[in-house]
Amino acid sequence: MTSVGFVGLGNMGGPMAANLVAGGFDVKVFDLVPDLVAAVDGASGADSAAAAASEVDVFISMLPAGQHVRGLYLGAGDAPGILDQMNEDTLIIDCSTIDAASARAVAEGAKEIGLSMLDAPVSGGTAGAENGTLTFIVGGEESALERARPVLEKMGANIFHAGGAGAGQVAKICNNMLLAVLMTGTAEALALGVDNGLDPAVLSEIMKVSSGGNWALNVYNPYPGVMEGAPASRDYQGGFLVDLMRKDLGLALQTAQASGNSTPMGSLAANLYQVHRDVNDSGGLDFSSIQKLFKPDV
Ligand code: NAD
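About the criteria used
Residues numbered from 1 in each chain as written. Predicted model: local features only at pLDDT ≥ 70, side-chain atom pairs only at ≥ 80, totals over all residues. Heavy atoms only, no water. Salt bridge = Lys/Arg side-chain N within 4 Å of Asp/Glu carboxyl O. Helix = DSSP H or I, 4+ residues; strand = E, 2+ residues; numbered from the N terminus. Buried < 20%, exposed > 50% of the residue type's maximum accessible area, 1.4 Å probe, protein only. Core = buried A, V, L, I, M, F, W, Y, C linked by side-chain atoms within 4.5 Å. Contact = heavy atoms within 4.5 Å. Domains from an automatic or database assignment. Buried area = accessible area lost by both parts, 1.4 Å probe. Polar contact = N/O pair within 3.5 Å; in protein donor to acceptor, adjacent residues only side chain to side chain.

1. Quick notes on the pattern of salt bridges
- Following the criterion strictly, the structure yields six salt bridges and no others.
- Here Glu-205 ties to Lys-208 by a salt bridge, and the two come within 3.3 Å at their closest N and O atoms. Of this pair, Glu-205 and Lys-208 both sit in helix H9 (residues 200–208), separated by three residues, roughly a single helical turn.
- Residue class for Glu-205 comes out partly exposed when judged on its relative accessible area of 46%.
- Counted as one network, the salt bridges with shared partners bring together Asp-195, Lys-295 and Asp-297.

2. Quick word on the nonpolar core
- Grouped together as the largest cluster of nonpolar side chains are 34 residues, with contacts concentrated most on Phe-6, Met-16, Ile-60, Ile-93 and Phe-136.
- Residue contributions to this core peak at five residues, all from helix H7 (residues 142–152).
- Once residues lying within four places of it in the same chain are set aside, the contact partners of Phe-136 are Met-16, Cys-95, Ala-120, Pro-121, Val-122, Leu-152, Met-155, Gly-156, Asn-158, Ile-159 and Phe-160.
- Core analysis: the next-biggest nonpolar cluster, separate from the first, contains 24 residues, Ala-52, Tyr-73, Ile-98 and Ala-107 among them.

3. Describing the domain arrangement of the protein chain
- Looking at the assigned domains, one finds that the protein chain contains domain 1 (3–163) and domain 2 (170–294).
- Averaged C-alpha coordinates put domain 1 and domain 2 at centres separated by 29 Å.
- On the domain 2 side, the residues contacting the 12 residues of domain 1 number seven residues.
- Three residues stand out in domain 1 for area buried against domain 2, namely Thr-97, Asp-99 and Ile-137, and they jointly supply 48% of the buried area on that side.
- Where domain 1 packs against domain 2, one counts zero salt bridges.
- There are three residue pairs in polar contact (both at pLDDT 80 or more) connecting domain 1 and domain 2.
- Going through the elements one at a time, helix H5 (100–112) and strand E9 (122–123) are the ones with two or more residues in the side of domain 1 that touches domain 2.

Structure (structure tokens):
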């Protein structure tokens, strides 16, 4: 049986690890929060990240940000990283959304000691993690991805190979920057229509099949009451949080600065989300709540 070590059992990692258990893998888990370790039924709890990573075929991390991923693998201050303690045939998959430079630095460190590593950030949110329908956007060597595929397939419905090390992270932030632009533009257009006498549902139907049609209108309408099941129709609870969108926009802008790209739309979206967070105290709301910036009374 394939054995999998899993570190980082938060909103995403917890259900992903549970799907690996349900998929028949022998799973060893660790998180800094002991209750999260105990919550993964059917997995064995490890007492450190290094213990979760030892003697496993595949090791997966799902952590908040680049500093946590670098610290875990390469070490931070006096704390050693786990890379040096891993078997050389263990395949490493980092599913966190982090800056591409950190992803490449860890992949390079792994390669130096003969380990293969993939960056495999996900799209699909907590519902995708729970239902095993995530999209994995993978950077790294094709041969490593083929080894990872049976494991990723238990947690996701789509797997894309974006390119070499770090490419998964770049593709992910390009997508999320575009998503922020589309959501912000959609909210702005809906507010304009409503303030000029239109029904948001009627306007949405018109734009959906016209040249302004986009993903937000199709499946994630930001105006309350237009789309049953969308976060907008449950007070913007759940879904993909404003703070996580702000994080991804920050990564996009950081990447753009490093490569010398101008991203005026992404910069504006990042600023609008920042203002929205500050003015509406909305960090914990779904990102479609940007509608409130254009229509405070929704
Ligand atoms: P989370 O904060 O809920 O979980 C992160 C977990 O990592 C926490 O339980 C924390 O205790 C643990 N952790 C941190 N450092 C650790 C360490 N050194 N060792 C062991 N455990 C450690 O975050 P999340 O929502 O699960 O997101 C995880 C990653 O997935 C982030 O990079 C996020 O951007 C990305 N992501 C999240 C979503 C979403 O909708 N939540 C969607 C797509 C991608």
